[in-house]
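# Results of the structural survey
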Amino acid sequence: MAVGALAGSAALPHTRSVLRTRSNVAQVPLQQAPRHALRVERTRIVSAAGSSNGKAANTRVIRGPCYVTRDNIDTDQIIPAEYLTLVPSKPEEYEKLGSYALIGLPTELYQSRFIENGQMKTRYPIVIGGQNFGCGSSREHAPVAMGAAGAKVVVAQTYARIFFRNCVSTGELYPCETDVRLCDELQTGEEVEVDMNKDVLTVLSTGKQYPLKPIGEAGPVVDAGGIFEYARRTGMIKIA
Amino acid sequence: MANLVGSSSSSFAGSGLYFDRHASKRCVQHVCRNAIAAPPASSRAPSSTGVVKKAMTMTEKILAKHSNNTAVVPGQNIWTSVDKLMTHDVCGPGTFGIFQREFGENAQVWDPTKIVIIPDHYIFTSDPRANRNVDILRDMVNKYGIKYFYDITDRSDFRANPDYKGVCHVALAQEGHCKPGEVLFGTDSHTCNAGAFGQFATGIGNTDAGFILGTGKLLIKVPPTMRFVLEGEMPSYLMAKDLILQIIGEITVAGGTYKAMEFTGPVIEAMTMEERMTICNMVVEAGGKNGVCPADETTFDYVRQRTDEPFEAVQSDSGAGYIEEYRFDVSKIQPLVAAPHSPDNRRNAMDCRDVKIDRVYIGSCTGGKTEDFMAAAKLLHKAGGQVKVPTFLVPATQKVWADLYGLPVAGCDGKTAAQIFEAAGCSTPAPPSCAACLGGPKDTFARMNEPQVCVSTTNRNFPGRMGHKDGQVYLASPYTAAASALAGTVADPRDYGA
């Protein structure tokens with residue numbers, strides 16, 4: 001359901017078939033460049049090599065330790081309101097916002113913190129959720145904070161509508177869905193690989209696999225870094 | 001859809017509350033009726049003959065009209081034109097930041113008369129970044145010539161700022177920006193509040209809002225509509241807040257995800273605009289995309305008193321298709337609370353009488369309107385006595401604040417709400433803003449900085465919502481909040497004369 005809920009995805013020309021042929025595994029570095037920097041870099045790559053560049057497809061395979069959350073993780077837990085004075089479009093405040101990602105999770109339930117004390121980035125590129133991930137406020141600060149902290153993908157059973165849309169619009173996170181209740185299956189810290197080309201999540205220590213729902217046409221938009229960059233790459237916005 | 005199936009069992013089923021839920025077969029019935037009235041004709045679908053007009057819900061009709069379609073169906077992706085875009089101090093600076101980054105420094109906004117900017121979240125704080133964000137909004141308003149900006153420059157006395165209003169959703173209504181049939185987007189999830197006026201209104205993120213700033217359009221998916229029919233006699237001790245808590249408790253915090261929630265029936269027809277706003281305000285707490293009430297004379301009177309701009313109301317067709325229909329007999333509903341930590345954690349207030357509380361909060365877009373304070377004051381006056389816990393009052397807007405001091409409360413010997421609150425020992429009404437509803441900076445008025453228990457007329461009670469991560473928030477109506485203030489525990493307003 002949620003994949004189709006990226007309004008207009010059906011109306012957008014897509015490059016999935018090209019991207020789908022790539023299956024290289026991207027090792028996620030612990031320290032990542034801020035998304036704004038990446039956006040500039042990606043733009044250059046595309047203008048040089050066009051949309052057949054494999055860089056984007058690589059981002060659909062994400063490997064690393066996962067951070068496991070439960071049902072109804074609302075935006076106040078993802079980024080408490082006291083940090084909303086930070087303006088995400090300002091690069092230095094974007095970085096700071098990331099350092100507070102998921103800080104609102106209750107301490108007694110989440111003793112392993114998403115971002116350790118004194119750190120700006122997370123060591124978990126993959127966040128696992130249950131039902132209705134991202135409910136509550138429309139604050140785009142929520143997916144932005146997670147992306148700024150270094151998260152690449154959320155894998156949950158369902159999403160709240162605005163959070164899903166904000167993930168895709170900003171290109172900060174892949175909002176990947178699954179029918180499996182992974183929050184009962186996985187433990188925080190387990191090394192997993194999320195492969196959105198093959199639509200499977202693999203636990204690296206055991207090889208156990210869980211099916212994912214296709215990311216669909218939300219994928220290329222997140223690959224591009226959000227709707228504006230996607231629109232430029234696909235000719236929806238004319239570049240002078 | 002799968003997440004809705006199986007949610008039909010009602011904990012109230014055995015207690016006399018009738019509750020009728022079924023997947024709507026209205027479309028099918030409609031076809032059958034037509035078959036009786038008209039001779040059998042071609043096998044072509046009625047819509048393809050051009051003879052039969054497609055029956056639509058009011059949400060579908062509004063979106064069809066705004067996308068130059070004669071008809072739309074749920075699931076259809078459309079480009080809708082936008083009548084109004086609202087933003088505030090928390091999301092406005094980022095929205096303009098994206099607009100400038102993506103459209104360029106020299107770009108102009110699509111229509112400076114259709115953008116409404118309402119600082120309201122973090123106003124009365126010494127947080128320098130919060131104050132800066134209001135300054136950024138002012139710069140943007142000047143740069144782009146934006147017509148509607150409810151500015152504040154003197155934070156020491158909000159009354160010295162005649163333009164300043166307060167909480168955006170209530171200000172939008174009071175200043176005449178909510179009109180039947182229109183499409184409103186706002187960078188705040190409670191933008192759905194405006195659905196009370198029979199319009200399409202929903203919350204979006206900064207990036208989508210930045211897109212609208214440049215184009216006046218947005219690509220959205222037409223939601224299927226859930227229909228909620230509210231009937232029966234409304235008891236004196238219930239408020240609209242109880243009804244929406246009942247509904248959210250029934251369908252859960254995800255039950256309306258991606259859907260329009262249409263509220264109708266005699267109970268809605270008898271409601272004031274403020275009560276309808278309370279209902280529509282909280283549809284996002286059920287995950288809903290938008291909430292909507294049919295526009296009627298009550299709506300038109302309210303709107304015409306506030307704007308001369310024309311509008312065109314639309315109504316749902318009798319044969320429109322609904323994905324689900326719920327019916328509630330409101331006379332059977334009890335005063336309710338949503339217990340920590342979820343708005344769908346529904347309890348009868350009387351079953352929580354053993355919950356000791358530390359404070360009461362009356363305020364926000366949901367529960368800080370004039371009628372909310374009038375109701376709380378009326379209960380306090382009739383019951384008499386002093387509140388047992390600190391009771392914080394935050395009028396949503398400057399107009400609400402003035403009403404507290406200027407309007408006599410019905411049936412209370414000519415006393416104003418402010419006089420009644422003072423006599424009962426409540427705190428002095430604070431300057432209008434979102435205040436502690438969402439926590440905010442540490443120095444925010446009435447923020448929960450300790451792990452306390454609060455009964456609140458606000459909209460959310462997820463962990464940390466009002467400040468402290470271990471705080472506990474019970475969402476309630478103004479009646480229930482006032483009764484709880486007198487009791488020092490969660491209380492049933494019937495025990496205090498409601």
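Residues numbered from 1 in each chain as written. Chains lettered and ligands numbered in written order. Predicted model: local features only at pLDDT ≥ 70, side-chain atom pairs only at ≥ 80, totals over all residues.

## A look at the overall build of chain A
Within chain A, the secondary structure is distributed over 9 helices and 8 strands. Buried positions account for 54% of the 240 residues belonging to chain A. Nonlocal contacts in chain A, meaning residues at least 24 apart in sequence, comprise 75% of its contacts between residues at least 6 apart. (Helix = DSSP H or I, 4+ residues; strand = E, 2+ residues; numbered from the N terminus. Buried ≥ 20, exposed ≤ 12 C-beta atoms within 10 Å, placed from the backbone. Contact = placed C-beta atoms within 7 Å.)

## Considering the overall build of chain B
Per the secondary structure count, chain B includes 16 helices and 18 strands. Burial status across chain B gives 57% buried among its 498 residues.

## Describing the packing of helix H6 (residues 141-149) of chain A against helix H7 (residues 161-170) of chain A
Residue and element names in this part refer to chain A. Running from N to C, H6 and H7 cross one another at 55 degrees; their axes reach a closest spacing of 8 Å. By the angle class used here, H6 and H7 are oblique. Where H6 crosses over H7, the handedness of that crossing is right-handed. Together, Ala142, Pro143 and Val144 of H6 and Phe163, Asn166, Cys167 and Thr170 of H7 make up the contact between the two elements. (Axes fitted to C-alpha atoms, helices over the stretch in contact; angles between N-to-C directions. Parallel < 35°, antiparallel > 145°, perpendicular 65-115°, else oblique. Left-handed = near helix turned anticlockwise from the far one by under 90°.)

## A short note on the sheet that holds strand E3 (residues 84-87) of chain B
Residues and elements named next belong to chain B. Within the open sheet, the 5 strands sit side by side as E5-E4-E3-E6-E7. Their pairing is parallel. For this open sheet the edge positions go to strand E5 (148-149) and strand E7 (200-203), each flanked by a neighbour on one side alone. Strand direction decides the pairing type here: strand E6 (residues 183-186) and E7, joined by 4 bridges, are parallel. Paired with valine 183 across the two strands is phenylalanine 200, which belongs to E7. (Pairing = 2+ DSSP bridges.)

## Let's talk about the pairing of E3 of chain B
Residue and element names in this part refer to chain B. On E3, burial covers both faces: Lys84 and Met86 on one face and Leu85 and Thr87 on the other are all buried. Relative to strand E4 (residues 115-117), E3 runs parallel, the two being bridged by 3 bridges. Note on E4: the bridge partner recorded for threonine 87 is isoleucine 117. Regarding the hand of the β-α-β motif, the stretch spanning E3, helix H4 (residues 92-103) and E4 is right-handed. (Right-handed = clockwise from strand over helix to strand, strands pointing away.)

## Quick look at the interface of chain A and chain B
The interface is formed by 42 residues belonging to chain A together with 45 residues belonging to chain B. Of all elements in the fold, only helix H4 (75-78), H7 and helix H9 (227-233) of chain A reach the threshold of two or more residues within the side of chain A that touches chain B. In terms of residue count, H7 of chain A provides more of the side of chain A that touches chain B than any other element does, 6 residues in total. Taken together, the residues that form the side of chain A that touches chain B break down as 17 nonpolar, 17 polar and 8 charged. (Nonpolar A, V, L, I, M, F, W, Y, C, P; charged D, E, K, R; others polar.)

## Considerations on the domain arrangement of chain B
Residues and elements named next belong to chain B. Here chain B is described as being made up of domain 1 (81-220) and domain 2 (336-496). With centres defined by C-alpha atoms, the gap from domain 1 to domain 2 works out at 27 Å. Contacts between the two partners involve 20 residues from domain 1, matched on the other side by 19 residues from domain 2. A total of 4 residues in the side of domain 1 that touches domain 2 trace back to one element, the largest contributor, which is helix H6 (residues 168-174). Of the residues in the side of domain 1 that touches domain 2, the class split is 9 nonpolar, 8 polar and 3 charged. (Domains from an automatic or database assignment.)

## Some details on the confidence of the model for chain A
Of all residues in chain A, 75% attain a pLDDT of 70 or more, and the chain-wide mean is 82. Within the model, pLDDT remains below 50 along residues 1-56 of chain A, and this stretch shows 98 contacts once partners closer than five positions in the same chain are excluded. (pLDDT = per-residue confidence, 0-100.)

## Structural notes on the sheet that holds strand E18 (residues 472-476) of chain B
Residues and elements named next belong to chain B. Taken together, the 6 strands give an open sheet; going across it, the order is E14-E13-E18-E17-E15-E16, and neighbouring strands pair in mixed fashion. The strands lining the two open edges of the sheet, one partner per strand, are strand E14 (346-348) and strand E16 (391-394). Averaged over all pairs of adjacent strands, the angle between their axes in this sheet comes to 25 degrees, without regard to strand direction. In this sheet, E18 lies alongside strand E17 (residues 453-456) in parallel orientation, the contact comprising 4 bridges. If you follow serine 456 over to E18, its bridge partner there is leucine 475. Where helix H16 (residues 478-487) meets the sheet, its contacts fall on strand E13 (336-338), strand E15 (359-363), E16, E17 and E18, and the angle it forms with E15 comes to roughly 150 degrees.

## What about helix H13 (residues 370-383) of chain B?
All names here are of chain B. An ideal rise of 1.5 Å per residue puts 20 Å on 14 residues; H13 measures up with 20 Å between its terminal C-alpha atoms. Of all 14 residues in H13, 11 are buried; the element is thus mostly enclosed. Among all positions of H13, only Thr370, Asp372, Phe373, Met374, Ala375, Ala376, Ala377, Lys378, Leu379, Leu380 and His381 are buried. Just downstream of H13 lies glycine 384, where phi reads positive at about 70 degrees. (Expected span 1.5 Å × (residues − 1).)

## As for the environment of serine 112 of chain A
Its location among the elements puts serine 112 of chain A in the loop between helix H5 (91-98) and strand E3 (126-128). Along the chain, serine 112 of chain A and alanine 81 of chain A lie 31 residues apart, while their C-alpha atoms are 22 Å from each other.

## Here's the deal with the environment of lysine 208 of chain A
Structurally, lysine 208 of chain A is set in the loop between strand E7 (200-203) and strand E8 (209-211). For the pair lysine 208 of chain A and valine 192 of chain A, spaced 16 residues apart in sequence, the C-alpha separation works out to 9.6 Å.

## Some points on the nonpolar core
It is characteristic of soluble globular proteins that their nonpolar side chains tend to be buried jointly. Ala101, Ala145 and Val155 of chain A are the most contacted members of the largest nonpolar core, which totals 219 residues. The residue makeup of this core includes at least three contributed by each of domain 1 (81-220) and domain 2 (336-496) of chain B. If we ignore the near neighbours within four places in the chain, the residues touching valine 155 of chain A are Ile126, Ile128, Cys176, Thr178, Leu182, Val194, Leu201 and Leu212 of chain A. (Core = buried A, V, L, I, M, F, W, Y, C linked by C-beta atoms within 7 Å.)

## Thoughts on the pairing of strand E6 (residues 191-195) of chain A
All names here are of chain A. In E6, alternate side chains face the same way, and those of Val192 and Val194 are buried while those of Glu191, Glu193 and Asp195 on the opposite face are not. As paired strands, strand E2 (residues 61-68) and E6 are joined by 5 bridges and run antiparallel to one another. Residue pairing for E6: arginine 63 is matched across the bridge by glutamate 193. With 4 bridges connecting them, E6 and E7 associate as antiparallel partners. If you follow valine 192 over to E7, its bridge partner there is valine 203. Taking the residues between adjacent antiparallel strands as the criterion, E6 and E7 are bridged by 4 residues, where aspartate 199 takes a positive phi near 55 degrees.

## Re H4 of chain B
When the terminal C-alpha atoms of H4 of chain B are compared, their 16 Å separation across 12 residues agrees well with the 16 Å that a helix rising 1.5 Å per residue should span. When H4 of chain B is considered as a whole, its buried residues turn out to be Gly92, Pro93, Gly94, Thr95, Phe96, Ile98, Phe99 and Glu102 of chain B. Next to the buried residues of H4 of chain B lie H9 of chain A together with E3, E4, helix H5 (128-144) and helix H7 (206-215) of chain B. Positioned one or two residues after H4 of chain B, glycine 104 of chain B has a phi angle of 100 degrees, which is positive.

## Topic: the packing of helix H8 (residues 240-251) of chain B against helix H10 (residues 273-281) of chain B
All names here are of chain B. The interhelical angle for the contact between H8 and H10, taken along N-to-C directions, is 20 degrees, at an axis separation of 8 Å. Considered as vectors, H8 and H10 are oriented roughly parallel to each other. H10 is crossed by H8, and the crossing has right-handed handedness. Along its contact with H8, which presents Ala240, Lys241, Leu243 and Ile244, the element H10 presents Glu275, Thr278 and Ile279.

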